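# Working through the structure, step by step
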Amino acid sequence: MTAVKRVFIILAAVFNLAQSAVKASDAEPDSAVMALDEVVVSVRVPARVIPSGDRLVVGKSSLSVIPTILGTSDPLRFLETLPEVATRGEISPGISVRGMDYSHNYTSINGGRIINPYHMLGLFSTFNTEHFRNFTFYDSPRHGVSPNVLGAVLDSSLALTGEEAMGGSANVGLLSASATLDFPVSERGLLRISGRRSYIDKVFPGLLKFDHAALLYHFTDLNLSYIHEFGKSEKISVDAFYSSDRMRLCDEYYDSDGLFGWRNMFGNVSFMSSDMEHRLTWSFFDNGFDLRESSFKVSLPSSLRELAYHGRVSLNRWLDCGTEVVYRDIRPQYNKTRGCEEKSRKGVEASLFIDGRRRLTDELSVSAGIRGVYYSCGGLRRFFPLPRVELVYRFGRSLVVSAFLGRAVQFTHLVKESDAGLPANFWIGAGERFRPQSSWNCSVSLKGLLMEGMVNYKLDAYYRGIKGVTEFDGSILNMVGGRYDPLDDVRQGEGRSYGVSLTLAFLRGNFQGWASYNLGRSEVRIPGLAAGYIPSGYDRRHDLGVTGSYILKNRFHFNLSVSYATGTPYTEAAYGYMIGENLICRYYPHNSSRLPDYFRVDFSFGWELPRCGRLSQRLDVSFYNLTAHDNVILSHYTYSPEKGFVNLRSSFRYVVPGLSYTISF
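Here is a short report on the structure shown in this document. (Residues numbered from 1 in each chain as written. Predicted model: local features only at pLDDT ≥ 70, side-chain atom pairs only at ≥ 80, totals over all residues. Heavy atoms only, no water.)

### A closer look at the overall build of the protein chain
A tally of regular secondary structure across the protein chain gives four helices and 40 strands. Looking at the protein chain as a whole, 57% of its 665 residues are labelled buried. Across the protein chain, contacts joining residues at least 24 apart in sequence account for 65% of those joining residues at least 6 apart. For the protein chain, the computed accessible surface area is about 27500 Å², with 58% contributed by carbon and sulfur atoms. (Helix = DSSP H or I, 4+ residues; strand = E, 2+ residues; numbered from the N terminus. Buried < 20%, exposed > 50% of the residue type's maximum accessible area, 1.4 Å probe, protein only. Contact = heavy atoms within 4.5 Å. Areas by Shrake-Rupley, 256 points an atom, 1.4 Å probe, with all protein chains shown as cover.)

### Re a nonpolar patch on the surface
A cluster of nonpolar side chains, namely L280, W282, L307, Y309, V325, Y327 and V348, defines an oily patch on the protein surface of about 580 Å² accessible area. For the nonpolar patch, the secondary-structure elements that each account for two or more residues are β15 (276–293), β17 (302–314) and β18 (319–331). The residue Y327 is located in strand β18 in this model. (Patch = residues over 30% accessible without salt bridge, like charges linked within 9 Å, V, L, I, M, F, W, Y side chains within 5 Å. Salt bridge = Lys/Arg side-chain N within 4 Å of Asp/Glu carboxyl O.)

### Concerning the side chain of R388
Turning to its location among the elements, R388 is positioned in strand β21 (residues 380–395). No salt bridge is formed by the buried R388; the nearest opposite charge belongs to D355, separated by 6.8 Å. Within the structure, R388 has its side chain in polar contact with the backbone oxygen of R407 (distance 3.0 Å). (Lys, Arg positive; Asp, Glu negative; His and termini not counted. Polar contact = N/O pair within 3.5 Å; in protein donor to acceptor, adjacent residues only side chain to side chain.)

### Looking at the environment of M578
In this structure, M578 sits in strand β33 (residues 573–579). M578 gets classed as partly exposed once you look at its relative accessible area, which sits at 29%. Counting along the chain gives 62 residues from M578 to S640, while the straight-line C-alpha distance between them is 9.4 Å.

### A few points about the pattern of salt bridges
What the rule picks out here adds up to 34 salt bridges. The salt bridge involving R98 is made with D460; its shortest N-O contact spans 3.8 Å. One end of the pair, R98, is in the loop between α3 (75–79) and β4 (106–109); the other, D460, is in strand β26 (residues 455–472), and 362 residues separate them in sequence. On the basis of relative accessibility, which here comes to 5%, the residue R98 falls in the buried class.

### A word on the pairing of strand β23 (residues 412–415)
In β23, alternate side chains face the same way, and those of T412 and L414 on one face and H413 and V415 on the other are all buried. Pairing geometry for β23 and strand β24 (residues 426–429), over four bridges, is antiparallel. Residue pairing for β24: H413 is matched across the bridge by I428. (Pairing = 2+ DSSP bridges.)

### A closer look at the packing of aromatic side chains
The description of two aromatic rings rests on the distance between their centres and on the angle between their planes. Across all of its chains, the model carries 17 aromatic pairs by this definition. Their ring planes at 85° and their centres at 5.4 Å tell us that F127 and F241 sit as a pair that is edge-to-face. Here the residue F127 occupies a position in the loop between β5 (112–113) and β6 (134–138), and F241 occupies one in strand β13 (residues 235–251), the gap between them amounting to 114 residues. For the residue pair F127 and F241, the accessibility class agrees, reading buried in each case. (Phe/Tyr/Trp six-rings, centres within 6.5 Å; stacked < 30°, edge-to-face > 60°.)

### Some remarks on the nonpolar core
Counting 29 residues, the largest nonpolar core has M120, Y217, M247 and W427 as its most contacted members. Elements with a contribution of two residues or more to this core: β12 (213–229), β13, β14 (256–272), β15 and β16 (296–299). In terms of residue count, β12 provides more of this core than any other element does, four residues in total. Residues V49, V58, F137 and A152 belong to the second largest nonpolar core, which totals 26 residues. (Core = buried A, V, L, I, M, F, W, Y, C linked by side-chain atoms within 4.5 Å.)

### Let's talk about the environment of P589
By secondary structure assignment, the location of P589 is in the loop between β34 (582–587) and β35 (593–594). When its relative accessible area of 55% is taken as the criterion, P589 is described as exposed. Separated by 18 residues in sequence, P589 and T571 have C-alpha atoms that sit 6.7 Å apart.

### A closer look at the sheet that holds strand β7 (residues 153–157)
One open sheet holds the five strands; their spatial order is β3-β6-β7-β4-β5, and the pairing between them is mixed. Both outer strands of the open sheet, β3 (56–58) and β5, are each paired with one neighbouring strand and no more. Judged from the three bridges that link them, β3 and β6 form a sheet pairing that is antiparallel. Counted as the bridge partner of L56 is F137 from β6.

### Quick look at the pairing of strand β39 (residues 644–652)
Examined bridge by bridge, strand β38 (residues 631–640) and β39 share nine bridges and lie antiparallel to one another. In the sheet register, S640 faces β39, and the bridge partner there is G644. Connecting β38 to the antiparallel partner β39 that follows it, the hairpin turn spans three residues.

### Some thoughts on the side chain of R618
Along the polypeptide, R618 turns up in strand β37 (residues 615–624). Note on R618: relative accessible area 4%, which makes it buried. For R618, the side chain forms a polar contact with the side chain of E608, separated by 3.0 Å.

### Digging into unusual backbone geometry
Leaving glycine out, the prevailing phi sign among residues is negative, and the prevailing peptide bond configuration is trans. Backbone geometry places N625, a non-glycine residue, at a positive phi of 60°. You can see N625 is positioned in the loop between β37 and β38. One non-glycine residue with positive phi stands out, namely A628, at about 55°. Checked against the element boundaries, A628 lands in the loop between β37 and β38. Judged by its relative accessible area of 35%, A628 is partly exposed.

### Quick notes on the environment of L154
With respect to the element layout, L154 can be found in strand β7. The class for L154 is buried, based on a relative accessible area of 9%. Distance in space between the C-alpha atoms of L154 and I109 is 8.7 Å, their sequence separation being 45 residues.

Below, the structure is given as structure tokens:
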């Protein structure tokens, strides 16, 4: 068996050891405090789980009502409780929204895009959540000002509160630690610096092992933000972000070692006022997959760089317009050690947009926008008109009905040689060989109140038709020999996703909870893979989530969540045989099999310890997969002379306890 094959089997087996992710983090109390002379009144504020208008703002109060699992109160974990977002397994680095691939999403800081903002194996949160105050979520590009992507938009931002002071916070857990420091520059300026580091490779160096191989993994995050307000409506912000993921393989038995990982670097400067906005963003991502054995060495680098300008101006209360220009340089994966030439694809997308909104009657309002996009890369030059319109009708406080129709386009594709979000995946740009991705989105929504306002509900029906989706139908094993081009195994076709979803949110006293359910399908039709539509890798027919939170005496926080979802599709091998050291498999039709259904219960308890002056303390205890349910996450294969061809399944079947201590000052 080749070393590359062993590496992927080893990395797959790491997911069985996910019980090593033993850390929880803090969440701020879900309360707002008002001082009246000598009286302090604490007011219970419900976490918002049903969007106001077309967006959902996730703040500290929202994150405090979900279990603090795997080291942080992660906004992605919160978004999983929404019916729009599919349940993640233990290895998925991103989220699937309405059946779309996670590469279709746009993740940003103050509007500037972060490329591939994930941590390897999907165990840890995307960002250090203590650095930001708000996370804004859109399930699709809703306006002309929205970026050129097909999926969801998640933006992180820092805002002034008017009570800035020198201070910070620190969190220490079993597998990672983080710290945040605030430096008030003036009455209207704040500098915030944050850092986070995992140390599983230092504390438990022998924990991640498979057969003769040891895996040493760690990541580092650094954030810097400066915000200054010149008046009530004018401010400037500067943001910088650096992230590095590294995994090292050491196998003395086979005399092999490897280094796998990626880096993110990001800089963003923006000026905002009540009637205009200007933003300049630089973002860089590079990917590495290096493996050495006694008989060979393989190095598979790739990278993506972007430089973007965004400008917007408000013409009046109802009309906005602006422009956006993005320069992109993509270097797809290539075999550096085989003398293959580095391929660079440079492209430019230039957009003009206009957005309008108007209340036609007391009950009926409309918002509409159009984005015109010109794209140039190599010999491909195309123009895309992207109209979007939404109608909203209000039947008093108890019922709001809305309908949306819009078109979106995206000029980057993520080629996934591994479904686990490992460094084997790489980006390519649209051009003569691969056309851009485009989609039409339509949805109808009903939302309102029941039981005298104690219950919020939202019912959605949606459909998305997609052109230009890509699927990888090859194997990274081919990179070991010859001048293999992975783009030869990238196929294009079309897709669609459709379904209905329901959310119920309940608040009474110190208890709040919500339940969400989605019944949907996500399908693709790729010439050469199947004659008609087949399930995509993100198809979950049923997806159910229930979350509850209770606060006792404003000091003790109890959070419980339950997730159930239909298993995702995969391509099962029918049989296999050995040729030399290589295992050759013959497969059933693409995505014709399914993993078993997914089920998980999470629980956490947070204790607000007594304050010591400005110093506040919190202790968190959590349990991930409380019932130790056996969740199969992937299928792989091996061959031995004694047993022949064997189908193996890696699963997550452990209760993961967590313990963390947080101080704020």
